[in-house]
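# Overview (structure and organization)
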Amino acid sequence: MAQRQNGARLVFPVDLKKKPCEQKLPLHNRWHPDIPPVADVVAGELFRVEMMDFSGGRITQEFSAEDIKYADPTNVIMAPSTPRLVIPVDVKKQPWEQNPPLHNRWHPEIPPVAEVKAGEFFRTEMVDWTGGSVRDDESAMDIKTIDLSCVHHLSGPIRVVDEDGVPAKAGDLLVVEICNLGPLPGDEWGYTATFDRENGGGFLTDHFPCATKAIWYFEGIFAYSPHIPGVRFPGLTHPGIVGTAPSMELLEIWNERERDVEENGHKTLPLCKVLHSRPLANLPSSTGCMLGKIKEGTPEWEKMAAEAARTIPGRENGGNCDIKNLSRGAKVYLPVFVEGANLSTGDMHFSQGDGEVSFCGAIEMSGFLELKCDIIRGGMKEYLTPMGPTPLHVNPIFEIGPVEPRFSEWLVFEGISVDESGKQHYLDATVAYKRAVLNAIDYISKFGYSKEQVYLLLSCCPCEGRISGIVDSPNAVATLAIPIAIFDQDIRPKPSKVPMGPRIVRTPDVLKCSYDGNLPITKNLSAGK
């Protein structure tokens, strides 16, 4: 399959520093059949047209209405205000070559690489969460052999101060407003994948043990994949990770409780017999560790690497919460545990389904965020109630933005807390959600898709997961709602049989590797083949 060129072709550029009569391609301000074309495009081609404002730049940003009253072609054209770029990245470079340096651990002593003031409009850029390890090609071998000790690659930390230069303090709330975001220009593609069961796994790794991959390409707000044909949807772009640095006390709490889960959870947690991703927790490790400005191999680095928390789960500091609705206009209210807050971001997603069930499950991409921050002094005590033994056991608050795709018709799949063996679990929403996802996969595969295609699709399309019932013993009830409009066929049940034919047989499939391990694969013998 030929690789698609990333981004739209620019067919009509404009220069805001020039007057309308000075543009490279001439403008026009009348309709007439004999005005000659200035460019050609091919049907189906993704292209870009730039435009001046309707006045041709005669209206300025000056605090005066004189430019309106005396609209004069000789007025100076002022460029629009732009955010200050505080963290650039170069996707052609390796993660360790980035300047400023990236980090992939949480630790209070990772030094900030930039400083912003409250109310300042600024931009930070991010590599994809694997640091460019996954390629736009026709193989899933990069997924099968990926080194997961290096993820996530985060941009930051960013020190936040108020207008007087006083830094955020422990106990404050940091307000992070997402003003704009998107893929990095020239890198408009992404991927969704499942890891090999022996190297990462996923929510359904006992059903899908093989490494798989689908490439997605972006057309403005829309995404499509040659590996999952017949599907196209608008993305609700968002950062998977927005978080502040933990204090040393909080870091020790994380490490203690997660070490207990990893060491003892196999024996004490019944859910381990239903969910098969391993390890149960990713403990601190110097392997693959990046600590920003702290030079690898120094005594300081060795000490911090042995303590620094992995970025895999979401925690009290926010972090990898993977909330798909944190898009344009959203706000995050993060607890501050260290001076300056030390804000970090990463794991950009073009789109994601609730739960990100395949683990590498959003449309992963490089990207940018344009942000504004504010500080609420003493906000932790004022607004966050600790749910644990210390005042540090708090969680962020999220304010969803006003921008999201509109869907009016949904097909909803239910799951209850009974696992594939028929065993009853007590009000277990995780088991119920797993069953809802399995029900959806088996159903949609009747319409010409492989189950691997559906698994990846449900992980990255804008589907809605819900806990519908959590009090009616013994069954929790979870639902998965899929927007019907993303398909090029009607997937609702009908009196007639599921249609068959060339339009329904979907080729090619997702990119796939073999599973070479010997762990047992869970099969539902009553489900469709």
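See the structure printed just above.
Here's what I pulled together on the structure shown here. (Residues numbered from 1 in each chain as written. Predicted model: local features only at pLDDT ≥ 70, side-chain atom pairs only at ≥ 80, totals over all residues. Heavy atoms only, no water.)

## Focus on the overall build of the chain
When helices and strands are tallied, the chain shows 7 helices and 25 strands. Expected size for 529 residues packed as a compact globule is a radius of gyration near 24 Å; at 25 Å, the chain falls within 12% of this value. If you line up the chain on its principal axes, its C-alpha atoms span 80 × 65 × 45 Å. When burial is assessed residue by residue, the chain has 52% of its 529 residues classed as buried. Look at the contacts in the chain between residues 6 or more apart in sequence, and 79% of them connect residues 24 or more apart. For the chain, the accessible area works out to roughly 25400 Å², and carbon and sulfur atoms hold 55% of it. Each charge class in the chain was averaged separately, 54 positive and 70 negative side chains, and the resulting centres sit 4 Å apart. (Helix = DSSP H or I, 4+ residues; strand = E, 2+ residues; numbered from the N terminus. Rg over C-alpha atoms; globule rule 2.2 N^0.38 Å. Buried < 20%, exposed > 50% of the residue type's maximum accessible area, 1.4 Å probe, protein only. Contact = heavy atoms within 4.5 Å. Areas by Shrake-Rupley, 256 points an atom, 1.4 Å probe, with all protein chains shown as cover. Lys, Arg positive; Asp, Glu negative; His and termini not counted. Charge placed at Lys NZ, Arg CZ, Asp CG, Glu CD.)

## Notes on the sheet that holds strand E24 (residues 477-483)
Reading across from one edge, E22-E24-E23 is the order of the 3 strands in this open sheet, with antiparallel pairing throughout. Sheet topology places strand E22 (410-416) and strand E23 (464-469) at the edges, where each strand pairs with a single neighbour. Between one strand and the next, the sheet's axes are offset by a mean angle of 25 degrees, whatever the strand orientation. Sheet topology places E23 next to E24; 5 bridges connect them, and they run antiparallel. The partner of Arg 466 across the bridge, within E24, is Thr 479. (Pairing = 2+ DSSP bridges. Axes fitted to C-alpha atoms, helices over the stretch in contact; angles between N-to-C directions.)

## Comments concerning the sheet that holds strand E20 (residues 367-376)
Within a sheet, each strand pairs with its neighbour through backbone hydrogen bonds, oriented either parallel or antiparallel. Taking strand neighbours across the sheet as the criterion, the 6 strands line up as E3-E6-E20-E8-E17-E21 in an open arrangement whose pairing is mixed. The open sheet has two edge strands with one neighbour each: strand E3 (84-87) and strand E21 (397-399). On average, each strand axis in the sheet is tilted by 30 degrees relative to the strand beside it, whichever way the strands run. Inspection of the sheet shows strand E8 (residues 173-182) paired to strand E17 (residues 331-335) by 5 bridges, in the antiparallel sense. Counted as the bridge partner of Leu 174 is Leu 334 from E17.

## Describing the packing of aromatic side chains
A complete count under the given rule lists 13 aromatic pairs for this structure. Ring geometry for Trp 129 and Phe 195: centres 6.0 Å apart, planes at 55 degrees, overall tilted. With Trp 129 in the loop between strand E6 (121-126) and helix H2 (141-144) and Phe 195 in the loop between strand E9 (189-194) and strand E10 (212-219), this pair connects stretches of sequence that are 66 residues apart. For Phe 195, a relative accessible area of 1% translates into the label buried. A connected cluster of aromatic rings, assembled from ring pairs, spans Trp 129, Phe 195 and Phe 359. (Phe/Tyr/Trp six-rings, centres within 6.5 Å; stacked < 30°, edge-to-face > 60°.)

## Quick word on the side chain of Glu 464
The residue Glu 464 is located in strand E23 in this model. Since its relative accessible area comes to 18%, Glu 464 is described here as buried. Of note is the side chain of Glu 464, whose polar atom sits 3.2 Å from the side chain of Lys 324. What Glu 464 contacts, discounting residues up to four positions off in sequence, is Lys 324, Asp 354, Trp 410, Thr 479, Leu 480 and Ala 481. (Polar contact = N/O pair within 3.5 Å; in protein donor to acceptor, adjacent residues only side chain to side chain.)

## Looking at the pairing of strand E7 (residues 154-161)
Within E7, 7 of the 8 residues are buried, which leaves the element mostly enclosed by the surrounding structure. Across 4 bridges, strand E5 (residues 114-117) lies against E7 in parallel orientation. Opposite Lys 117, over in E7, you have Val 161 as the bridge partner. Sheet analysis places E7 next to strand E18 (residues 343-349), joined by 3 bridges and oriented antiparallel. Bridge pairing in E18 links Ser 155 to Thr 345.

## Some points on the environment of Ile 178
Here Ile 178 shows up in strand E8. Sequence-wise, Ile 178 and Lys 24 are 154 residues apart; in three dimensions their C-alpha atoms are separated by 35 Å. Ignoring sequence-local partners within four residues, the contact set of Ile 178 consists of Pro 239, Leu 326, Ser 327, Arg 328, Gly 329, Ala 330, Leu 369, Glu 370 and Leu 371.

## Some details on unusual backbone geometry
Residue Pro 100 is reached from Asn 99 by a cis peptide bond, and omega for that bond is 10 degrees. Note that Pro 100 resides in the loop between E3 and strand E4 (105-106). A cis amide bond links Arg 278 with the next residue in sequence, Pro 279, at an omega value of 5 degrees. Inspection of the secondary structure assignment puts Pro 279 in the loop between helix H3 (248-268) and helix H4 (299-307). With a phi close to 60 degrees, Asp 347 is a non-glycine residue in the positive phi region. Mapped onto the elements, Asp 347 comes out in strand E18. Of the residues examined, Asp 347 reaches a relative accessible area of 2% and is grouped as buried. In this model, Glu 356 sits at a positive phi of 40 degrees, which is unusual for a non-glycine residue.

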